[in-house]
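Examination of the molecular architecture
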Amino acid sequence: MAVRLHVNIDHVATVRNARGTAYPDPLFAALICEAAGADGITAHLREDRRHIRDDDVERLRAGIATRLNLEMAATEEMIGIAERVRPDVITLVPERREERTTEGGLDVVGQRAAVEACAIMARRRGIKLSLFIAPDAAAVIASAEAGAQQVEFHTGEYCHATAPGGSPARAAEELRRLVDATRRAHAAGLEVAAGHGLTRHNVVDVAAIEGLVEVNIGHSVIADAVLFGLDRAVRDLRAALDRGTRLRPPPGRGGP
């Protein structure tokens, strides 16, 4: 089964906002991604609106043909926006104003009440709830208990280890963590996605993890698009994911 590719178009809005122009348009970028083979579009509506803005979310909801994954913090404001817009998927992420991008997984235990409030709304509106968490057992169990249907594992540590100057031994260790966490998530009845720092180079081994069904990738796609064009960037990533899935063991051998 092919791994679903959700392309995060936040940094298209980052470029637009840098000059206060109407271009490049995140919706137009999303349509290019869909035409190139993306299975869904991801956008993070941050509290400070540093890239994606409210009207972007509205236009994406109305304009794309695939699935809209709205990343957001578990706040009353964002829960209200999600209930009104009704994306296909909500992914709850940790959010700190000083960070450049989302670092680390959601503290599901510490934010249990807010997560459960979002889960109640999501069930009422027929929205899938995903939680962006570290690949560890406690976070997986807490996510299932809080009402999530999916977890997205933070792959930042794995990606740091695979970067130039990184540690192959550490990369292998982090990959094993992802494999083990995927098995635990399946045992808990959760779907599994992955994201953060993934590129067309390091995603192959992640896509080879049996039971992984989705990746969310943004920064590297937009970086490649600057050099090669957005259509090719998405197609190259799709090809890398397909190479990874071909590395999976045959059914019944090594699966979760």
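Because the structure is predicted, anything quoted here is derived from the model rather than measured. (Residues numbered from 1 in each chain as written. Predicted model: local features only at pLDDT ≥ 70, side-chain atom pairs only at ≥ 80, totals over all residues. Heavy atoms only, no water.)

1. Quick word on the nonpolar core
By size, the foremost hydrophobic cluster in this structure holds 75 residues, and its most contacted members are Ile9 and Leu92. Ranked by the residues each element gives to this core, the list is headed by helix H11 (residues 230-246), at 6 residues. With residues up to four places along the chain from it excluded, the contact list for Ile9 reads Pro26, Ala29, Ala30, Cys33, Ile41, Thr42, Ala43, Ile52 and Leu60. (Core = buried A, V, L, I, M, F, W, Y, C linked by side-chain atoms within 4.5 Å. Buried < 20%, exposed > 50% of the residue type's maximum accessible area, 1.4 Å probe, protein only. Helix = DSSP H or I, 4+ residues; strand = E, 2+ residues; numbered from the N terminus. Contact = heavy atoms within 4.5 Å.)

2. Remarks on a nonpolar patch on the surface
Residues Val226, Leu227 and Phe228 make up a contiguous nonpolar surface patch of about 330 Å² in total accessible area. Position of Val226 among the secondary structure elements: in helix H10 (residues 219-228). For Val226, a relative accessible area of 67% corresponds to the exposed category. (Patch = residues over 30% accessible without salt bridge, like charges linked within 9 Å, V, L, I, M, F, W, Y side chains within 5 Å. Areas by Shrake-Rupley, 256 points an atom, 1.4 Å probe, with all protein chains shown as cover. Salt bridge = Lys/Arg side-chain N within 4 Å of Asp/Glu carboxyl O.)

3. Focus: the environment of Tyr158
With respect to the secondary-structure elements, Tyr158 resides in helix H7 (residues 156-162). A relative accessible area of 4% means that Tyr158 is categorised as buried. Distance in space between the C-alpha atoms of Tyr158 and Ala172 is 8.1 Å, their sequence separation being 14 residues. In this structure Tyr158 touches Ala171, Glu174, Leu175, Leu178, Leu198, Asn202, Asp205 and Val206, once residues within four positions along its chain are discounted.

4. Examining the packing of aromatic side chains
Inspection of every chain in the model, using the stated rule, returns 0 aromatic pairs. A cation sits over an aromatic face here: Arg232 above Phe228, 4.5 Å from the ring centre. (Phe/Tyr/Trp six-rings, centres within 6.5 Å; stacked < 30°, edge-to-face > 60°. Lys NZ or Arg CZ within 6 Å of the ring centre and 35° of its normal.)

5. Digging into unusual backbone geometry
At the junction of Tyr23 and Pro24, the peptide bond is cis and its omega measures out at -10° in the coordinates. Considering the arrangement of structural elements, one finds Pro24 in the loop between helix H1 (10-19) and helix H2 (26-35). A positive phi angle is found at Arg86, which is not glycine, with a value near 60°. Its place among the elements puts Arg86 in the loop between helix H4 (76-85) and strand E4 (89-92). For Arg86, a relative accessible area of 41% gives the class partly exposed.

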